[in-house]
Amino acid sequence: MQYSVVNKNQIEQSVFGDRIDAEFYLPTYLNAESTIEKHGFNLLNNITSKIDVGHVGSMVNEYTNAGIWLLQTQNVKAFFLDEANKIFITQQFHEYLKKSKVRKGDILIARSGSFGTASIYLENDEINSADVIIIKPQEQLINPYYLVTYLNSSYGMNQLLRFASGGLQGHVNLTILENLKVCNIESALQNQIEQIVKESYIQRKNSEHLTDYAKTLLLFELDLSSWQPKHQLSFVKNYSDTVEVERIDAEYFQPKYDEIVKAIKGYSGGWDTLGNLVQLKEKNFNPLDKNEYKYIELSNIGGNGEITDCMIEEGQDLPSRARRKVATGDVIVSSIEGSLSSIALIEKEYNQALCSTGFHVINSKSFNSETLLVLLKSMVGQLQFKKGCSGTILTAINQEEFKQIVLPIIRDKTQKAIQQKITESFNLRKQSKHLLECAKRAVEIAIEQNEDAAIKWLKEQTNESLLDRLERGHQQAVQKKGRMIG
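Residues numbered from 1 in each chain as written. Predicted model: local features only at pLDDT ≥ 70, side-chain atom pairs only at ≥ 80, totals over all residues. Heavy atoms only, no water.

1. Examining the sheet that holds strand S2 (residues 48-53)
- The antiparallel open sheet is built from four strands, whose spatial order is S2-S9-S6-S7. Of all the strands in the sheet, the pair left with one neighbour each is S2 and strand S7 (118-120). For this sheet, the mean angle separating the axes of adjacent strands, direction not counted, is 20 degrees.
- Alignment of S2 against strand S9 (residues 132-137), held across five bridges, turns out to be antiparallel. (Pairing = 2+ DSSP bridges. Helix = DSSP H or I, 4+ residues; strand = E, 2+ residues; numbered from the N terminus. Axes fitted to C-alpha atoms, helices over the stretch in contact; angles between N-to-C directions.)

2. Quick word on helix H9 (residues 255-265)
- Residues Pro255, Lys256, Tyr257, Ile260 and Ile264 constitute the buried set of H9.
- Looking at the buried side of H9, the elements it contacts are strand S11 (271-273), helix H12 (379-388) and strand S20 (406-408). (Buried < 20%, exposed > 50% of the residue type's maximum accessible area, 1.4 Å probe, protein only. Contact = heavy atoms within 4.5 Å.)

3. What to know about the packing of aromatic side chains
- All chains considered together, the criterion is met by six aromatic pairs.
- Geometrically, the ring pair formed by Phe93 and Tyr96 is stacked, given 5.8 Å between the ring centres and 20 degrees between the ring planes. Here Phe93 pairs with Tyr96, and both are found in helix H3 (residues 91-96), just three residues apart, close to one helical turn.
- Aromatic side chains Tyr146 and Tyr150 sit 6.0 Å apart centroid to centroid with 50 degrees between the ring planes, which places their arrangement in the tilted category. With Tyr146 and Tyr150 both in helix H4 (residues 144-152) and four residues apart, this pair spans about one turn of that helix.
- Owing to a relative accessible area of 0%, Tyr150 belongs among the buried residues under this scheme.
- A connected cluster of aromatic rings, assembled from ring pairs, spans Phe79, Phe80 and Tyr201.
- Sitting over the face of the ring of Trp69, Lys86 holds its NZ or CZ atom 4.4 Å from the ring centroid.
- Geometry around Tyr350 places Lys294 over its ring, the cationic atom sitting 5.4 Å from the centre. (Phe/Tyr/Trp six-rings, centres within 6.5 Å; stacked < 30°, edge-to-face > 60°. Lys NZ or Arg CZ within 6 Å of the ring centre and 35° of its normal.)

4. Some details on the sheet that holds strand S17 (residues 343-345)
- An order of S12-S19-S16-S17 is seen for the four strands of this open sheet, with the pairing classed as antiparallel. Strands at the two margins of the open sheet, each flanked by one partner only, are strand S12 (279-281) and S17. Strand-to-strand, the axes of this sheet are offset by a mean angle of 25 degrees, without reference to chain direction.
- Taken together, the three bridges between strand S16 (residues 331-334) and S17 define a ladder with antiparallel strand orientation. Within S17, the position partnered with Ile332 by the bridge is Ala344.
- Contacting S16, S17 and strand S19 (359-363), helix H11 (residues 369-377) runs over the sheet at an angle of about 170 degrees to S17.

5. Digging into helix H7 (residues 187-221)
- Taking 1.5 Å as the rise per residue, H7 with 35 residues should run 51 Å; its terminal C-alpha atoms sit 51 Å apart, in good agreement.
- In the stretch just after H7, Asp223 is the one whose phi turns positive, near 60 degrees. (Expected span 1.5 Å × (residues − 1).)

6. Some points on the nonpolar core
- Formed by 48 residues in total, the largest nonpolar core has its most connected members in Tyr150, Leu180 and Val182.
- Among the elements that line this core, the one with the most residues is helix H14 (residues 412-448), at nine residues.
- Residues within four places of Tyr150 in sequence aside, it is in contact with Ile36, Tyr155, Gly156, Gln159, Leu180, Lys181, Val182, Cys183, Val443 and Ile447.
- In this structure, Leu224, Ile260, Tyr267 and Leu345 belong to the second largest nonpolar core, which totals 40 residues. (Core = buried A, V, L, I, M, F, W, Y, C linked by side-chain atoms within 4.5 Å.)

7. A look at the environment of Tyr145
- Structurally, Tyr145 can be placed in helix H4.
- Tyr145 sits in the buried class, given a relative accessible area of 12%.
- The sequence separation of Tyr145 and Gln192 amounts to 47 residues, and the corresponding C-alpha distance is 9.6 Å.
- Among residues more than four places away in sequence, those in contact with Tyr145 are Ile120, Leu122, Ile193, Glu194, Val197 and Lys198.

8. Some points on the packing of H11 against H14
- The N-to-C vectors of H11 and H14 enclose an angle of 90 degrees; their axes lie 8 Å apart at closest approach. Taken together, H11 and H14 sit at an angle that is classed as roughly perpendicular. Residues Glu370, Thr371, Leu373 and Val374 of H11 form the contact with H14, whose participating residues are Gln415, Ile418, Gln419, Ile422, Thr423 and Phe426.
- Among the residues forming the contact of H11 with H14, the class breakdown is five nonpolar, four polar and one charged. (Parallel < 35°, antiparallel > 145°, perpendicular 65-115°, else oblique. Nonpolar A, V, L, I, M, F, W, Y, C, P; charged D, E, K, R; others polar.)

9. Some remarks on the packing of H14 against helix H15 (residues 451-462)
- With their axes 8 Å apart at the nearest point, H14 and H15 run at an angle of 160 degrees to one another. Judged by the inter-axis angle, H14 sits roughly antiparallel to H15. The interaxial crossing formed by H14 with H15 has right-handed handedness. Contacts from His434, Leu435, Cys438, Ala439, Arg441, Ala442, Ile445 and Ala446 of H14 reach H15 at Glu451, Ala453, Ala454, Trp457, Leu458, Gln461 and Thr462.
- Residues of the contact of H14 with H15, tallied by class, amount to 10 nonpolar, three polar and two charged. (Left-handed = near helix turned anticlockwise from the far one by under 90°.)

On their own, these measurements won't tell you what the molecule is for.
Right, here's the structure in full:
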């Protein structure tokens, strides 16, 4: 049993004086706070020029097919934004939402839901946000790259999670957030953290480019490179067609769905239904109460088909939907409309993990796993998934509709090329993640020991030549900036 002893006067004198819930005073939080205070810190409010929340409230009527990216809570992940399932607004509405604008270097925290992690926005284009906390660091006082690393370290996350405890679950009082304690560390280490985070971002973007290239290879193979699906406001269908499928909703009969199926069936390599081309794992697995399992949720699926994280729990603590066991090489596909692009390849570190019954779990002898992933994430799969969705309260693509999806039987040569690009993409993603983990741990070592120990550890873990190269690049950039100013 865990417990903490806290004096009444400590509670009354604290800025959190209205918090008397036991969770707020967990030993983990108090120990972290003690370490921070011993090291020395600044309050977040004193090193930032803005801590505010983006637009709160409904704006569905303002969504457009293209325009300015509107960040939502599900886009905010550890360190970098997830660009899957983007929503857009018009330039005019973007200008109207002045306080919600996001610019390069801003730190972002989800106000609810996935609260506890922070992202830094690193692109030049101005975007907007909804229900997301925006933090603008004062760069003369703190390095933004260090700040986002600190917030994602155990010392930052413990404070964020502590602030979210009690009251309205997941919602954070901005006044309390202003009092988050940020440890002071030397600028030399802050600069090295900056270079590591930047390198990680470059590798992440290169990973995304490789995934996009794999999709391009697929569409070129199918002669769909220049084809764009068009939503038609009016068209004519026979009544017999509606009787045959027992559907009368206009969306189901959009011509674009027939066009993509026609293109697939015209592929020279042949085609078949998904039900004939893959093995569908539909048997439930019953976890043992005291055994520990990895559990993959919808929120753990990254935009490029990777699994970003998982929950680890004993069987008795898992949700009732954790009933599908996956193996290396499987592909899991979300069945829920709105998350149909949440598709991932199971790598060996998640072998024998569990996932939700909200996923279709498949593998195939007709395709390598990487090609199957790309097929289903491309418009080849996505348009057909969207057409096949049905339901009232929860719209989803059921198993029977899923089996009727038609897929081209891609030639081996193209499959191997796609596999190579996806493998390279996943490797870059892993390297990017490793660098971020190193940056976080270096910050924690600096707080727990000192900056010299942190720098030494960082060089050992990231390859000293890499760190030296990044540092030279930083010094050259500083010198170039100085020459421009002079």
